[in-house]
There are 4 protein chains.
Amino acid sequence: MQNNKSTYQKFIEKAHVIIYGTNTIAGRLFDLILLGLILLSVLLVMLETVKDFNQKYHSFIIVCEWIITIFFTIEYILRILTIKRPKNYIFSFYGLIDLISILPMYLSFFISGTSIFAVIRALRLLRLFKILNHPQFNNHSKHLKESLIASKGKIVIFIYFVMISTIIIGSVMYVVEGEENGFTSIPTSIYWAIVTLTTVGYGDISPVTPLGQFIASFVMIMGYGIIAVPTGIISAEFAKNRPIIKESETKVCSNCGSHEHYINAKFCQDCGHAL
Amino acid sequence: MQNNKSTYQKFIEKAHVIIYGTNTIAGRLFDLILLGLILLSVLLVMLETVKDFNQKYHSFIIVCEWIITIFFTIEYILRILTIKRPKNYIFSFYGLIDLISILPMYLSFFISGTSIFAVIRALRLLRLFKILNHPQFNNHSKHLKESLIASKGKIVIFIYFVMISTIIIGSVMYVVEGEENGFTSIPTSIYWAIVTLTTVGYGDISPVTPLGQFIASFVMIMGYGIIAVPTGIISAEFAKNRPIIKESETKVCSNCGSHEHYINAKFCQDCGHAL
Amino acid sequence: MQNNKSTYQKFIEKAHVIIYGTNTIAGRLFDLILLGLILLSVLLVMLETVKDFNQKYHSFIIVCEWIITIFFTIEYILRILTIKRPKNYIFSFYGLIDLISILPMYLSFFISGTSIFAVIRALRLLRLFKILNHPQFNNHSKHLKESLIASKGKIVIFIYFVMISTIIIGSVMYVVEGEENGFTSIPTSIYWAIVTLTTVGYGDISPVTPLGQFIASFVMIMGYGIIAVPTGIISAEFAKNRPIIKESETKVCSNCGSHEHYINAKFCQDCGHAL
Amino acid sequence: MQNNKSTYQKFIEKAHVIIYGTNTIAGRLFDLILLGLILLSVLLVMLETVKDFNQKYHSFIIVCEWIITIFFTIEYILRILTIKRPKNYIFSFYGLIDLISILPMYLSFFISGTSIFAVIRALRLLRLFKILNHPQFNNHSKHLKESLIASKGKIVIFIYFVMISTIIIGSVMYVVEGEENGFTSIPTSIYWAIVTLTTVGYGDISPVTPLGQFIASFVMIMGYGIIAVPTGIISAEFAKNRPIIKESETKVCSNCGSHEHYINAKFCQDCGHAL
């Protein structure tokens, strides 16, 4: 029965292992080449916008981009062909990104300038997390993710407060400083308030009047406390989500089964049995 | 007796449910419309200050603002009429904000330019917290609030120290850099010190002399440690206020089902049953 | 014998109570007036450097400053006279600040311009901590102080590393960017490195060449991690130094004396006795 | 036998004690002088780049640098001669730095301008950690190191995400703001994105269009949350790595004096004696 398989079927099976698998050498190599091409592709789109570079190597960049795009297109088609339920892949997060990654180049035939959106391929770099399947790495990833999700509720409330604050602060500064000092409108003043509260501080707009500088000082010191809030939330979440004593650092008593002994404990703290 | 109620009484009762309640569909809808109108109103005041936009749509903005203001006025009056103890509402935090939100527009009849203060309506957005009555959300809110209140004492001491520091640093920089380098007065220099210590760093004033840059470097590295203090305070508070006992470390009572016992508890803390 | 006391002795005793004590009404009032005068005095020195203000009120400021200086001088002499061991006070932290606070004004007779150093009086504001003797406040103060002292060792090592890093980064940027882009010397480049690593970012000096911007990006992302280190150190210290479960939140078993029960525990977790 | 040692051997032995040892007075003195010379040497290279200073003292600086370089060369040769396994030293971290520290000066004979790389000597300042051999200091050092190493995995994942984010944000801003507003290419825009996300905010490039400012505001508030992540990771690691058991919560064994037993331990973990 196995021998009855058509050449096509055999090809599809092999392609599936190479494209979706990470355990065979061919599969791993494919993933690495893919990641390298994604990186190269993103670099090319980026360099295309650098004038000096583009003038010198324009045709070279274009050719490379098309080669990579065609490779990605073939890869996309193969991914659909070699999977059992194509719909699951097509409408998955990675599937959509894979599609969006190749569209801009083809669109650039009809609308010039769309090739720049090929930079969206950068999102394909997230695929690294699929390729790296090391347990310790996954643990880190999971812990990061869980902590951030657990913090989400408080962070949203916090940002809502910050937004209301910036509206009030921005309006006050618009009235105090006025258009002649760069605070040309309330939205611009709110932009300034965000730049200040987040301690970015471009300096494109900065208070000039004494009263404005006084209020700004107040806002900055307030921002001190404010920047501490999300940090506090996330720190607490990180500290909570992880086991305080790692398993590898504790001993279990073979006599009574009690655990959580220090790694250099010599006797069980519950029954006195030698560890 | 119920039937004897006047139409007015019935109306007031119904209005009370709609305005103050959040459990009926009508009440929920009212809250959502109210929140939308507040947002729209704040946006309008903001856009009024954007020159290009204001020139094109001036009359449209004014009409909208008046419609919303009249709606808010009716809502304010109804809130007073439909509550049992109007004074409690009028002098409550939300009551005062509701009043201040409608005043600027009426004041603009007498004093031109006051309509801008209608931006204070942004504070009405805090009402969202009354509308969202979800238990998990309230938990987050409460935890945030408690942690910040618990941190208050230390934060005040900390800010007092920072203020004294900025006075000393500002004065030193005024002497070192002098008026020709932008440090025109001690208050301005203090403003610079705050801009620097909070790591905002506009760059509108920055040290020019080697000695000034040396002192500034010192201040910035100091600011490193300083910014860590409020973060540390609030982080510790967040970590403390939440139960640090993980599920895997707690026991559940087989008798009453209560959980969160210490891992080495031998009896249930709720029913006294042996664990 | 008590009656034999000379008027001078009685005066000294009374003065001691008023100046050093904080429990009598007169003592408390004296402290408050003193703090107010210190604040006023610091404000005056600051305002003296504001040109517009100084031109208008110059003589007024000078007179006020002299009145306050004379008051401080009398206070200083009385503090010495009314204390048992004057040397202890004179060479204490507060004693030295009190002396330095009055010297600049008298020095301004001989050397003009020294009156500005009277701003050192801002340090006298630290006296607030002596006046506020509330136990909860002292607790906060102590906790802050202990946590910072405990963090000191690690912070020093950390700053030493940061300094070596800034020397290397500064030198690299001096070579890469060169004098024509504002990196005029290695010390200036080190100043830039500190401005960047601490995320202050004035923008008075910023990289212009692509390579410089690439290195700067790397430094900034490094600075991300680096700013986290002192925060982490101090957060951990804060979290450690405070009792994780407050005494008021735990119950002690009256039967077996075991403690650390949740506040709403009804039975002892060690002996099952009703709490 | 001891007397049979040649003068050379005696010299080598003595030199070994002085150069590598830190327990004799001579050894300690040597280390201090060495550290002082390293500092002086770094300062000289730095000052050489300051124009005014270099013009005045050029020949003096050069002479000093050569004296120090020759001293360092002799020290390097002696370190090789006086150690049992020279290869271990030569290819160790410190050995390589010691070599690299003296090379630039000799290279400056052949290639002018290389003397500036002598600033790499700053790395020799790390030797301080070898000299300071105090146990408490080593503890701090070790704790810092372990916490940072433990955080490494999560920090790398985090930076990978940040890099993908900056590519996307940078590209969007390049399209939105365009070359006329300073976003001359995608790499430049990515540089801007990093400057903004890390809250450095030079202001050399800043958004001008309303849409650009809106996106920038969004990025900054995102940066708020983002800066909290590495802080949270490292804080949690610091808190975890240190013993969280307070003295008041531990028992001391009356038999062997070992401490740090859990409060409810019943037997000593070191000698098995009943507590």
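Here is what the cut-offs are and how they apply
- Residues numbered from 1 in each chain as written.
- Chains lettered and ligands numbered in written order.
- Predicted model: local features only at pLDDT ≥ 70, side-chain atom pairs only at ≥ 80, totals over all residues.
- Heavy atoms only, no water.
- Core = buried A, V, L, I, M, F, W, Y, C linked by side-chain atoms within 4.5 Å.
- Buried < 20%, exposed > 50% of the residue type's maximum accessible area, 1.4 Å probe, protein only.
- Contact = heavy atoms within 4.5 Å.
- UniProt positions renumbered as here; feature names shortened; annotations may be inferred.
- Helix = DSSP H or I, 4+ residues; strand = E, 2+ residues; numbered from the N terminus.
- 1 Å grid on protein atoms, 1.4 Å probe; cavity = no way out; pocket = protein on both sides within 12 Å on 5 of 7 lines; lining within 4 Å.
- Points joined across faces, edges and corners; volume = space filled by probe spheres on them.
- Expected span 1.5 Å × (residues − 1).
- Phe/Tyr/Trp six-rings, centres within 6.5 Å; stacked < 30°, edge-to-face > 60°.
- Lys NZ or Arg CZ within 6 Å of the ring centre and 35° of its normal.
- Patch = residues over 30% accessible without salt bridge, like charges linked within 9 Å, V, L, I, M, F, W, Y side chains within 5 Å.
- Areas by Shrake-Rupley, 256 points an atom, 1.4 Å probe, with all protein chains shown as cover.
- Salt bridge = Lys/Arg side-chain N within 4 Å of Asp/Glu carboxyl O.

### What to know about the nonpolar core
For step 1, the next point in the chain: If you look at the biggest cluster of nonpolar residues, it comprises 264 residues, and the most contacted ones within it are Trp192(A), Trp192(B), Trp192(C) and Trp192(D).
For step 2, the next point in the chain: Beyond its immediate chain neighbours, meaning those up to four positions away, Trp192(A) contacts Ile169(A), Met173(A), Phe183(A), Ile205(A), Ser206(A), Pro207(A), Ala216(A) and Tyr202(B).

### A closer look at the UniProt feature "transmembrane region" (unreviewed entry) in chain A
For step 1, the next point in the chain: Within the UniProt annotation, "transmembrane region" (unreviewed entry) is assigned to residues 29-47, 59-78, 90-120, 155-176, 183-202 and 214-236 of chain A.
For step 2, the next point in the chain: Secondary structure across residues 155-176 of chain A comprises 100% helix and 0% strand; the distance between its end C-alpha atoms is 31 Å.

### Some points on empty space enclosed by the protein
For step 1, the next point in the chain: One pass over the structure, following the stated rule, counts two cavities of 30 Å³ or more.
For step 2, the next point in the chain: In this model, the second largest cavity occupies a volume close to 140 Å³.
For step 3, the next point in the chain: Along its surface, the second largest cavity is lined by 13 residues, and Ile227(A), Ile227(B), Thr231(B), Ile227(C) and Ile227(D) are the ones closest to its centre.
For step 4, the next point in the chain: For the lining of the second largest cavity, the secondary structure elements donating two or more residues are helix 9 (210-241) of chain A, helix 9 (210-241) of chain B, helix 9 (210-241) of chain C together with helix 9 (210-241) of chain D.
For step 5, the next point in the chain: The greatest single-element share of the lining of the second largest cavity, amounting to three residues, is contributed by helix 9 of chain B.

### Overview of helix 8 (residues 186-197) of chain D
Residue and element names in this part refer to chain D.
For step 1, the next point in the chain: Relative to the 16 Å expected for 12 residues at 1.5 Å per residue, helix 8 spans 16 Å between its end C-alpha atoms, a close match to the ideal helical length.
For step 2, the next point in the chain: Helix 8 sits mainly inside the fold: 11 of its 12 residues count as buried.
For step 3, the next point in the chain: Along helix 8, the residues that are buried comprise Ile 186, Thr 188, Ser 189, Ile 190, Tyr 191, Trp 192, Ala 193, Ile 194, Val 195, Thr 196 and Leu 197.
For step 4, the next point in the chain: The positive-phi residue at the C-terminal boundary of helix 8 is Thr 199, with phi of around 60 degrees.

### Structural notes on the packing of aromatic side chains
For step 1, the next point in the chain: This structure, assessed with the given rule, holds 32 aromatic pairs over all chains.
For step 2, the next point in the chain: Consider the rings of Tyr76(B) and Tyr89(B), whose centres lie 6.0 Å apart with planes at 50 degrees: the pair is tilted. With Tyr76(B) in helix 3 (residues 51-82) and Tyr89(B) in helix 4 (residues 86-90), the pair connects residues that are 13 residues apart, well separated along the chain.
For step 3, the next point in the chain: Look at Tyr89(B) and you get buried, because its relative accessible area is 6%.
For step 4, the next point in the chain: Within the aromatic cluster, the residues linked to one another by ring pairs are Tyr20(A), Tyr76(A) and Tyr89(A).
For step 5, the next point in the chain: The ring of Tyr20(A) carries Arg79(A) above its face, with NZ or CZ at 5.3 Å from the centroid.

### A short note on a nonpolar patch on the surface
For step 1, the next point in the chain: Judged by side-chain polarity, Leu103(A), Leu107(A), Phe109(A), Phe110(A) and Ile111(A) come together as a nonpolar surface patch covering roughly 560 Å² of accessible area.
For step 2, the next point in the chain: Tracing the chain through its elements places Phe109(A) in the loop between helix 5 (93-107) and helix 6 (128-131).

### Quick word on the pattern of salt bridges
For step 1, the next point in the chain: Under the definition given, this model contains 28 salt bridges over all chains.
For step 2, the next point in the chain: Residue Glu146(A) pairs with Lys142(A) through a salt bridge whose shortest N-O separation is 4.0 Å. On the criterion of helical spacing, the pair formed by Glu146(A) and Lys142(A) is a turn pair, its members being four residues apart in helix 7 (residues 135-177).
For step 3, the next point in the chain: A salt bridge links Glu75(C) to Arg79(C); the nearest nitrogen and oxygen atoms lie 2.6 Å apart. One end of the pair is Glu75(C) and the other is Arg79(C), both in helix 3 (residues 51-82) and four residues apart, which spans about a single turn.
For step 4, the next point in the chain: The buried category is assigned to Arg79(C), whose relative accessible area is 2%.
For step 5, the next point in the chain: Through salt bridges that share partners, Glu75(A), Arg79(A), Asp98(A), Arg124(A) and Arg127(A) make up one connected network.

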